[in-house]
Each structure stands twice: as structure tokens, then as C-alpha cells.
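# Fold and geometry: a report
Here is how the chains run, residue by residue.
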Amino acid sequence: PVLMSATVTPPSPTAVWRMIHSEAPMPELKKVFISHSHKDEPLASAFRDTLKNIFNNVDVAFSSDKTVGGGPQSGSNWLDWIHTCMRDCQESLLLLTPYSIRQPWPMWEAGAVGGMAIINPDPAAALKVVTPIRFNIAQEALPGPFVVTQAIDGRDPDSLRKLLGDLMKRYDYAGTPQATFKAVLNDQIPTLAQTIRGWLDNAPPMVTDGMVMEWCGRLDQLRDQRRSSEVRYLHHWIRLMYEGPQR
């Protein structure tokens, strides 16, 4: 008889940890709320996928989630959904991009999460942490409340390692050997960093007054030169600036 050898793919460090510690009594990360601009949905999705790969039973909520069961359900009151997510979350990630810092909602959500931790009589609510993660924005350019907050640089793999490592220590991986920590992070960080880099490399810069004046000048020039058929190209770039890259 001919013996056939099968190629067996070894489990990842994250999968090994889950098998060993599936019954370990330790604090669990169960609820994370991501505050973001809808234009930054791919970033929120990347963090959701990474958190679910690392933590066994975590539910990651964000309003633009297009997966089945994600985000506000069809026909539901979206404001009630956001309020429930902010009330129940243990951790909140605030994604600060050139798009989101121009919107009032992410700032309001971050303040609401912190405020709920203060007024809620449940001692567990005091554990709520709001972590700003900045993308293509300098620390000193952050909105007022976050200038004095240590924000994570979302483009820096070491900063991402620090963020996820801190979450691991606070929750499911408390007391886990350092070697296991490193193995799990080495397993997850490269994919997350690559996804973020690929998205942001195509992201346009922030719209400034100077850019708007330049666009108006170009439109006037096209009108004066009777080149109206070329307006659609300028329109495409204006939409890209305001709405961000499209997948």
C-alpha cells in the first residue's frame, strides 16, 4: 500500500491561546464601541476583525457595520442604538481622521461615553476607557479635548501593539506569560497595520479654504474657455476630497 502524507497547517498563536485558556477565570472584554465617521468604515471594520481574532467573546459595535447583525437593525431607532452601545461598552475607540474631526458626532459620542462612566452608579462603569486613535493627523492638531489626551498613532505598528497589548492585559489575557502576549500580537498586528496603511495611502488630505478657492478658480477658467465637458473630472476630485476614497 502507498502511504499518503497530509500537510497539516499548525494553528496560529492566537488559536493556541484560546484552546489553552478557554476555561480560565479572568475578566473578559465583551463590549467595545467604535466612534467614527461613516467614511472611515474600513478602518472600523479592520479594528473589529482584529479584536474578534484576539478576544473570544467580544462584541464590537459601530454604526456603519454592514455585516449581518452589525450596526443598527433595519427599522430600529439608531439614536437609541448608539445610546445603548455607549452605555454598555467597556471600551470605546475614537477614530480621528481628517473626515471625522470635521463632524460633531464622534466628539459627542466620546464625551457621552466618559460622562456615563461618571454618573452611572455601577462601579464597573468606572472602567470605561475612551481611546483616541489618530490617522493622518498630528497630535497637536487634534480637537481641543484630545490635545491633552495621549492618542494612539494609527499608522504606527508599535502604537497599535501598545493599544492591543493594554487591552489584553486589562481583560482576557491578564496573567498570561509575556511570550504568549508577543506571539498573539505578532500574529495580528501585521494584517491590521497593512489594512490601515492601504486605506490611508489612498485617502485625500483635508479640505482647506485655499483648496476651495483653487477649485472655484479652475471652474471659472473652464467656463471662460468653454470647456464645460471637463467639469466632470474636477467634480470627481472634489467629491473625493469631501467623501473620501470609495471601495
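Along each chain, residues carry numbers from 1 onward, in the same order as the chain's sequence is written. Totals for whole chains, interfaces and linings use all residues, but because this is a predicted model, local features are given only for residues with pLDDT of at least 70 and pairs of side-chain atoms are given and counted only at 80 or more. To get the side-chain values, all heavy atoms of the structure are used, and hydrogens and water are removed first.

## Overview of the overall build of the protein chain
Strands are runs of DSSP state E lasting at least two residues, helices are runs of H or I lasting at least four, and both sets are numbered from the N terminus onward. Counting secondary structure elements, the protein chain contains 9 helices and 5 strands. Burial status across the protein chain gives 40% buried among its 247 residues. Whether two residues are in contact is decided by their heavy atoms, any of which lying within 4.5 Å being enough. Long-range pairs, those at least 24 residues apart, make up 72% of the contacts in the protein chain between residues at least 6 apart in sequence. Here the accessible surface of atoms and residues is derived via Shrake-Rupley with a 1.4 Å probe, and residues count as covered only by protein chains that are part of the display. Total accessible area on the protein chain is roughly 14,200 Å²; 57% of this is exposed by carbon and sulfur atoms. Exposure categories follow from relative accessible area, calculated using a 1.4 Å probe and restricted to protein chains: below 20% of the type maximum is buried, above 50% is exposed, and the middle band is partly exposed.

## A closer look at the pattern of salt bridges
Salt bridges are counted wherever a side-chain nitrogen of Lys or Arg sits within 4 Å of a carboxyl oxygen of Asp or Glu. According to the stated counting rule, one finds 12 salt bridges in the structure shown. In this structure, the salt-bridge partner of Arg 223 is Asp 220, at a minimum N-O distance of 3.8 Å. Taken together, the residues span about one helical turn, with Arg 223 and Asp 220 both in helix α8 (residues 209-224) at a distance of 3 residues. For Arg 223, a relative accessible area of 57% corresponds to the exposed category. Between Glu 230 and Arg 227 there is a salt bridge; the shortest N-O distance is 2.8 Å. Among the residues examined, Glu 230 registers a relative accessible area of 30% and is labelled partly exposed. The network of salt bridges with shared partners includes Arg 48, Asp 49 and Asp 65.

## Some points on the packing of aromatic side chains
Here a pair means two rings of Phe, Tyr or Trp (six-membered ring of Trp) with centres within 6.5 Å. Their orientation is stacked below 30 degrees between planes, edge-to-face above 60, and tilted elsewhere. One pass over the full model with this rule turns up 3 aromatic pairs. Judged by centre distance (6.2 Å) and plane angle (70 degrees), the rings of Tyr 173 and Phe 181 are edge-to-face. For the residue pair Tyr 173 and Phe 181, the accessibility class agrees, reading buried in each case. An aromatic cluster of three or more residues is present, and its members are Phe 55, Tyr 173 and Phe 181. One residue, Lys 169, lies across the ring of Phe 181, its end atom 5.9 Å from the ring centre. Ring-over charges, as used throughout, are those where CZ of Arg or NZ of Lys falls within 6 Å of the ring centre and within 35 degrees of the ring normal.

## A look at helix α3 (residues 78-88)
Turning to α3, its buried residues number three or more, namely Trp 81, Ile 82, Cys 85 and Met 86. Buried residues along α3 cover an arc of 130 degrees about the axis, so they all sit on one side. The backbone nitrogen of Asp 80 has a side-chain oxygen 3.0 Å away, supplied by the residue at the start of α3, namely Asn 77. Arc definition: it is the arc formed by the directions from the helix axis to the C-beta atoms. Polar contacts, as counted here, are pairs of nitrogen or oxygen atoms within 3.5 Å of one another; within protein the pair requires one atom able to donate a hydrogen and one able to accept it, and residues that are adjacent in sequence qualify only if both atoms are side-chain atoms.

## Re the side chain of Glu 91
When you line up the elements, Glu 91 lands in strand β3 (residues 91-96). Overall, Glu 91 belongs to the buried group, its relative accessible area being 1%. A distance of 2.8 Å separates polar atoms of two side chains, one belonging to Glu 91 and the other to Tyr 171.

## Here's the deal with the sheet that holds strand β5 (residues 152-153)
Taken together, the 5 strands give an open sheet; going across it, the order is β2-β1-β3-β4-β5, and neighbouring strands pair in parallel fashion. Looking along the sheet, the strands with just one partner apiece sit at the ends: β2 (59-61) and β5. Any two strands with at least two DSSP-identified bridges between them are counted as paired. With 3 bridges joining them, strand β1 (residues 31-35) and β2 adopt parallel strand pairing. Residue pairing in the sheet places Phe 33 in a bridge with Ala 61 of β2. What counts as an axis is a line fitted to C-alpha atoms, over the stretch in contact for a helix, and the angles between N-to-C directions run from 0 to 180 degrees. Strands β1, β2, β3 and β4 (129-134) of the sheet are contacted by helix α2 (residues 41-54), whose axis makes an angle of about 150 degrees with β3.

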